[in-house]
Amino acid sequence: MKNARTVALLLALPWVVTFAAFWLFPVVYSLIVGFTDAQLLAHETHWVGWDNFRALFHDPAFVSSLKNTFLFVIVTIPITTVVSLSLAHMVNRQFKGRGLFRAGYFVPSITSMVVIALIFTNLYQRGGYVAMLASMVGFTPPQNGFLFDSHTALYAIMAMDIWMAAGYYMLIFLAGLKSIPDELYEAAELSGAGKIRQFFSITLPMLKPVALFILVINSIKSFQVFVEIFVMTSGKFDTSTAVFFVYDTGLTTKFQFGYASAAAYVLFVIIAVFSAAQFMLLRRRQPLW
Amino acid sequence: MKSKVFIALFFAFIFCFSSASAKTTITWWQFWTDPDIKPVIESMVSDFEKANPDIKVELTDLTWANGHEKIAIAFGSSTGPDIVELGSDWIAEFASNGLLKDVSSEIAPDSSQLQGWGMSTYQGKVYAQPWILGTRVLFGNRDLLNKAGYDPDWVPVKWNELMYAAKKINRLGKNYYGWGSNTAEKHRLYKKFLPFFWSNDAQIFSDDGKYCLIASDKAVYALTFYKQLNDSCGYVDTQRGIEDAFLNGKIGFILSGDWLLKRIEKEHRKINLMATLMPGQKFPGKSFLGGEFLAINAASKNADAAQKFIKYMTSPENQVKFCKANRSANPSSLKAQQDPYFKSNVILQAFIKQIALAKHPPVDPDWVYIEEAIEGAVEDALFGDGLVAQPLFEAKEKIDKIKHTE
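Since this is a predicted model, take the numbers as computed values, not measurements.

Reading guide: rules and limits
Residues numbered from 1 in each chain as written. Chains lettered and ligands numbered in written order. Predicted model: local features only at pLDDT ≥ 70, side-chain atom pairs only at ≥ 80, totals over all residues. Helix = DSSP H or I, 4+ residues; strand = E, 2+ residues; numbered from the N terminus. Buried ≥ 20, exposed ≤ 12 C-beta atoms within 10 Å, placed from the backbone. Contact = placed C-beta atoms within 7 Å. Domains from an automatic or database assignment. Nonpolar A, V, L, I, M, F, W, Y, C, P; charged D, E, K, R; others polar. Arc of directions from axis to C-beta. Core = buried A, V, L, I, M, F, W, Y, C linked by C-beta atoms within 7 Å. Pairing = 2+ DSSP bridges. Axes fitted to C-alpha atoms, helices over the stretch in contact; angles between N-to-C directions. Parallel < 35°, antiparallel > 145°, perpendicular 65-115°, else oblique. Left-handed = near helix turned anticlockwise from the far one by under 90°.

(A) Quick peek at the overall build of chain A. Across its full length, chain A holds 13 helices and zero strands. Seen in sequence order, chain A has helices and strands lined up from the N terminus as α-α-α-α-α-α-α-α-α-α-α-α-α. For chain A, the spread of C-alpha atoms along the three principal axes comes to 75 × 75 × 35 Å. For chain A, the residues scored as buried account for 32% of the 289 residues in total. Counting contacts in chain A only where the partners sit at least 6 residues apart, residues at least 24 apart contribute 68% of the total.

(B) Just the overall build of chain B, in detail. A tally of helices and strands in chain B yields 18 helices and 13 strands. Overall size of chain B, expressed as C-alpha extent along the three principal axes, is 100 × 50 × 35 Å. Split into buried and exposed, the 406 residues of chain B put 48% on the buried side. Partitioning the contacts of chain B with sequence separation of at least 6, the portion at a separation of at least 24 is 73%.

(C) Representation of the domain arrangement of chain B within the structure. Residue and element names in this part refer to chain B. Assigned domains of chain B: these are domain 1 (21–134 + 289–359) and domain 2 (137–277 + 366–403). Domain 1 and domain 2 are separated by 29 Å when their C-alpha centres are compared. Taken together, the contact between domain 1 and domain 2 spans 14 residues of the former and twelve residues of the latter. Broken down by element, the side of domain 1 that touches domain 2 gets its largest block of residues, five residues, from helix α16 (residues 346–356). Across the side of domain 1 that touches domain 2, the residue classes break down as six nonpolar, four polar and four charged.

(D) Representation of helix α3 (residues 67–76) of chain B. All names here are of chain B. Listed as buried for α3 are I71, A72 and F75. All buried residues of α3 fall inside an arc of 95° around its axis, so they share one side. Packing partners of the buried residues in α3 comprise β1 (24–30), β3 (83–87) and α4 (91–95).

(E) Examining the interface of chain A and chain B more closely. Taken together, the 15 residues of chain A in the interface contact 16 residues of chain B. Broken down by class, the residue content of the side of chain A that touches chain B amounts to seven nonpolar, six polar and two charged.

(F) Region of interest: the nonpolar core. Judged by nonpolar contacts, the single largest core of 174 residues is most densely connected at A263 of chain A together with I91, L223 and A295 of chain B. For this core, the element with the highest residue contribution is helix α7 (residues 153–178) of chain A, accounting for 13 residues. The contacts of A263 of chain A, once residues within four sequence positions are left out, are L56, F62, A242, F245, V246 and T249 of chain A.

(G) Representation of the sheet that holds strand β7 (residues 137–141) of chain B within the structure. Residues and elements named next belong to chain B. A sheet is described by the order of its strands in space; here five strands give the open sequence β9-β8-β10-β7-β11, paired in mixed fashion. The sheet is open, and its two borders are formed by β9 (234–237) and β11 (273–276), each paired with just one other strand. Going across the sheet, the axis of each strand differs from the next one's by a mean of 25°, ignoring polarity. Its contacts with the sheet put helix α9 (residues 217–233) on β8 (177–182) and β9, and the angle it makes with β8 is roughly 120°. Across the sheet, α16 touches β7 and β11, and the angle it forms with β11 is around 20°.

(H) Quick look at the pairing of strand β6 (residues 129–135) of chain B. Residue and element names in this part refer to chain B. By the criterion of burial, β6 is predominantly enclosed, with seven of the seven residues buried. As defined by bridge partners, β6 adjoins strand β12 (residues 287–296) across six bridges and the pair is classed as antiparallel. The residue bridging G134 from the neighbouring strand is G290, located in β12.

(I) Summary view of the packing of helix α17 (residues 367–383) of chain B against helix α18 (residues 389–403) of chain B. Residues and elements named next belong to chain B. Packing of α17 against α18 brings their axes to within 8 Å, and their N-to-C directions diverge by 170°. Classified by the angle their axes make, α17 and α18 are roughly antiparallel. Listed contacts from α18 to Y369, I370, A373, I374, G376, A377, D380 and A381 of α17 are P391, L392, E394, A395, K398, I399 and I402. Grouping the constituent residues of the contact of α17 with α18 by class yields eleven nonpolar, one polar and three charged.

(J) Representation of unusual backbone geometry in the model. All names here are of chain B. The peptide bond linking F283 to P284 adopts the cis configuration, its omega dihedral lying at -5°. Mapped onto the elements of the fold, P284 is located in the loop between β11 and β12. The backbone of S78 shows a phi angle near 55°, a positive value even though the residue is not glycine. Looking at the element boundaries, S78 is found in the loop between α3 and β3. Positive phi outside glycine occurs at D201, with the angle close to 60°. Within the secondary structure layout, D201 lies in the loop between α8 (189–199) and α9.

(K) The arrangement of the packing of helix α10 (residues 208–223) of chain A against helix α13 (residues 257–282) of chain A in detail. Residue and element names in this part refer to chain A. At a closest axis distance of 10 Å, the pairing of α10 and α13 adopts a crossing angle of 165°. Classed by the angle they form, the pair α10 and α13 counts as roughly antiparallel. The handedness of the crossing between α10 and α13 comes out as right-handed. Contacts from K208, A211, L212, L215, V216, S219, I220 and F223 in α10 reach L267, I270, I271, F274, S275, Q278 and L282 in α13. Residues belonging to the contact of α10 with α13 are distributed by class as follows: eleven nonpolar, three polar and one charged.

What follows is the structure in structure tokens.
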């Protein structure tokens, strides 16, 4: 028995060592660094207590990044959820070419974000297809393209993100829809419930666990939005987000490790609180809808 | 007896081994990876090794996308190379942290032969040797100028002439633009504004360094003019996008560097090109000066060999060889600038003349923050909704905080 335990520990050791060295240590170390003035090229590092955290909330660049991140989360999550649920509902029906639609909606999710961001950068440019489409429906596109205008750049990136993410969440909703027993709908029909009533009284309550999963995962992903900002605007035109701020401050020309670590931990706390709130909200016994 | 022979053989082996390892190996990190220039660099290194059999040079390639990060991380972890190629903006950052060797005494005999020392001098000491410099000149599309009614040899020398000609080209049709205007691209936008700023005799700091003058009347006037160009006839895009549009015959004027000449040649572009000095309120105006420098790691144990190699690489002959292969227009060597390759080409002459009239940003370890403040102000002025002066005053406030100026 004792021997079996030793073997088990030995077998687990590679993972434990890797976890401790490449996950646990950086996480704890970056927290400590967040309380220092560490800079890559500086010879000395000093303990500065809460100074970095205080300075962050007086830094217009960080406040603006945080504002953009919240805007990104608040706009994209409800729209992505509604769009993906609607798509799931649509492709759950029996119709010819259903598989093609399912695959079509899902393809963006398995395509590289960098590739998609580059394609959309072209679509959004001056005289691009999106500008042409906007002109056709009577909307005057920004003179220099959607990404070179602070009024439209972040929203353009959000639209791309929704388009890209909706297919993935559609698939998860679809799995949820498939797990709802048909008997519930039959019973509802016998009781005289219409389609809309069935949707709100059966489909949505039964999808609560799936919706919770999607909301939490999508929130975390949206709070960490980075690649699309990096590729499409490099944080210019009022599109910098919290993770981009961390990257720009800590890993590019400035190398302010302490300040960037503090910003990363502020974001960590925000995500943790947001996720906990979503869990509490969706685990209530009363129906949410 | 047997043991004595063994001991003698052992020492003979140690002696042979130590003489074999007496060859000094110097490591050099550099940015030239283009297939046109890399073989030339390698052949220069090979020639140097032949002439100096006791020195071996190990090359490591960097890219502009992440080269600065790699260098900083290597120096931060004490694993930097013996010689490193640095962009002019980075010298103060590394020098102020004691990471570069002070080469003031070694370079004294060379100092009058090379241009660009100002960019590698920090607090009175020289930390790097100028290699290949870079400036921007005004490029124009001669065909569009002719269409707009200008003589075949006309060039704008004053700002109002530039504005008038750009507007005339802009009126040629829907797909024509007078001026190529950079969008908010990091490390690029400010380089396009500063030539106008300096051409109007504006300064970032006062001569004694006590005052930040970024929001002076001259600075506001320069930014106002730059914004007028942008608003009235600007084609706004990334540097690459502007150059594409210019080479496709859509834009009348752009401010660009010698890399554009390389593109024209390599892509076989047919463009009736005009290149001239930066227009000013008084002609000629001033342009932006930057460049590539070779510096020695302060912790290098092979500093003498490194200095020998740098001297070799920056020699007039090698600079000409490099410029020919890379189509660079700005060798730092004054002797190299006299080579027929530069003398016989009108466009290259514009670069050579402009470099003598170009200014570089202050050599300051906080430049990255100052640059961010200036670039933010230009971005806000060009693409924001407010007044031109306001962002410059905000930039001044930021710079005052960073540098404790007034």
